Amino acid sequence: NPSFYKAFGHTFYYLLSVPLSLTLGLLVAYLLNKIRFGQRFFRTVFFIPYVCSMVAVSVSFRTMYEYNYGIFNTVLNSIGLEKVGWLTDKKWFMPSAIAMGTWSGTGICIILFQSALANVNEGYYEAARIDGAGEAYMFFKITLPAVSPTIFYLLVMKLINGLQVMGEIQVLAGGGMGPEESGNTVVLYLYYMM
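The rules behind these values
Residues numbered from 1 in each chain as written. Predicted model: local features only at pLDDT ≥ 70, side-chain atom pairs only at ≥ 80, totals over all residues. Heavy atoms only, no water. Helix = DSSP H or I, 4+ residues; strand = E, 2+ residues; numbered from the N terminus. Contact = heavy atoms within 4.5 Å. Areas by Shrake-Rupley, 256 points an atom, 1.4 Å probe, with all protein chains shown as cover. Lys, Arg positive; Asp, Glu negative; His and termini not counted. Charge placed at Lys NZ, Arg CZ, Asp CG, Glu CD. Salt bridge = Lys/Arg side-chain N within 4 Å of Asp/Glu carboxyl O. Buried < 20%, exposed > 50% of the residue type's maximum accessible area, 1.4 Å probe, protein only. Axes fitted to C-alpha atoms, helices over the stretch in contact; angles between N-to-C directions. Parallel < 35°, antiparallel > 145°, perpendicular 65-115°, else oblique. Nonpolar A, V, L, I, M, F, W, Y, C, P; charged D, E, K, R; others polar. pLDDT = per-residue confidence, 0-100. Patch = residues over 30% accessible without salt bridge, like charges linked within 9 Å, V, L, I, M, F, W, Y side chains within 5 Å.

Participant: Sorry, what's going on with the overall build of the chain here?
Facilitator: Along the chain, the regular secondary structure elements total 11 helices and 0 strands. Considered along the principal axes of its C-alpha atoms, the chain spans approximately 60 × 45 × 25 Å. Here the analysis covers contacts within the chain between residues at least 6 apart in sequence; of these, 67% occur between residues at least 24 apart. As displayed, the chain has an accessible area near 11,400 Å², and 66% of this comes from carbon and sulfur atoms. The centroid of the 12 positive side-chain charges in the chain is displaced by 3 Å from the centroid of its 10 negative side-chain charges.

The structure is reproduced here in structure tokens:
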């Protein structure tokens, strides 16, 4: 069935949120470990989207993406740009869902990466600084290998969650998405075929 292959493509398109979440999570965790003031506050702020209900997050983003009164189109309109049909235009629906998935999934990455970064032996960094290594060299040669088990764990868990995505897409679409629609994923397709 051609609709199944489209749904399969949409599911893999949605998986773009996985590397975005991992990269953003590692970057924010690395920067948070560099500061000492307000670290707990920022960690809490970044983790809140992860513990919020998926339906609440999806409804909030649906409201923000709304064509006439949503905050994104209001900002675009105020700077003289045309409104975008975030949830009604086929080419914008999945990027909108990816943005929402990235926003809500980055919190757990930040927390786990911060924990992994805190366990890296400071002696490695001191030895590298004595040898004249720069920040970029230390990041790629010390930090990344040290947190690679965490990266692998998060990658596997986020891939599983991304392949199972259904509720977020259905709530964003307002529950009216049929098997032919642009945001249809494999799980949603199976749901509609039952």
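Participant: Is there a simple way to explain the pattern of salt bridges in this structure?
Facilitator: As a working rule, side chains carrying opposite charge can pair if their charged atoms are close by. Applying the stated criterion to the full structure yields 1 salt bridge. Among the salt bridges present, the one from Lys-34 reaches Glu-135, with a minimum N-O distance of 3.6 Å. Note that Lys-34 is positioned in helix α2 (residues 17-34) and Glu-135 in helix α8 (residues 135-146), a separation of 101 residues in sequence. For Lys-34, a relative accessible area of 45% gives the class partly exposed.

Participant: In this structure, what is going on with the environment of Leu-154? I would like to understand it.
Facilitator: Looking at the element boundaries, Leu-154 is found in helix α9 (residues 148-163). Taking the C-alpha atoms as reference points, Leu-154 and Phe-37, separated by 117 residues in sequence, lie 27 Å from one another. Residue contacts for Leu-154: discarding those within four places in its chain leaves Leu-22, Cys-109, Leu-112 and Phe-113.

Participant: Looking at this structure, how should I read the packing of α8 against α9?
Facilitator: Between α8 and α9, the least distance of the axes is 4 Å, while the angle of their chain directions is 55 degrees. On the basis of the axis angle, α8 is oblique to α9. Mapping the contact onto sequence places Leu-144, Pro-145 and Ala-146 in α8 and Ser-148, Pro-149 and Ile-151 in α9. A per-class count over the contact of α8 with α9 returns 5 nonpolar, 1 polar and no charged.

Participant: Any chance you could explain the environment of Leu-16 here in plain terms?
Facilitator: As for its position among the elements, Leu-16 is in the loop between α1 (2-14) and α2. On the basis of relative accessibility, which here comes to 42%, the residue Leu-16 falls in the partly exposed class. Sequence separation between Leu-16 and Leu-159 is 143 residues; the distance between their C-alpha atoms is 9.8 Å.

Participant: Teacher, can you tell me more about the confidence of the model for the chain here?
Facilitator: Where the model shows low pLDDT, its predicted coordinates should not be examined in detail. Per-residue confidence for the chain averages 88 on the pLDDT scale, and 96% of its residues sit at or above 70. Per-element confidence in the chain ranges from a low mean pLDDT of 84 for helix α11 (residues 186-193) to a high of 95 for α9.

Participant: Quick question: what am I supposed to make of the side chain of Lys-158 here?
Facilitator: Among the secondary structure elements, Lys-158 is positioned in helix α9. Ignoring any residue separated from it by four or fewer positions in sequence, one finds Lys-158 in contact with Val-18, Ser-21, Gly-105, Ile-108 and Cys-109.

Participant: Can you walk me through a nonpolar patch on the surface in this structure?
Facilitator: A surface patch of nonpolar side chains, about 420 Å² in accessible area, is lined by Ile-35, Phe-41, Phe-42, Val-45 and Phe-46. Residue placement: Val-45 occurs in helix α3 (residues 39-51).

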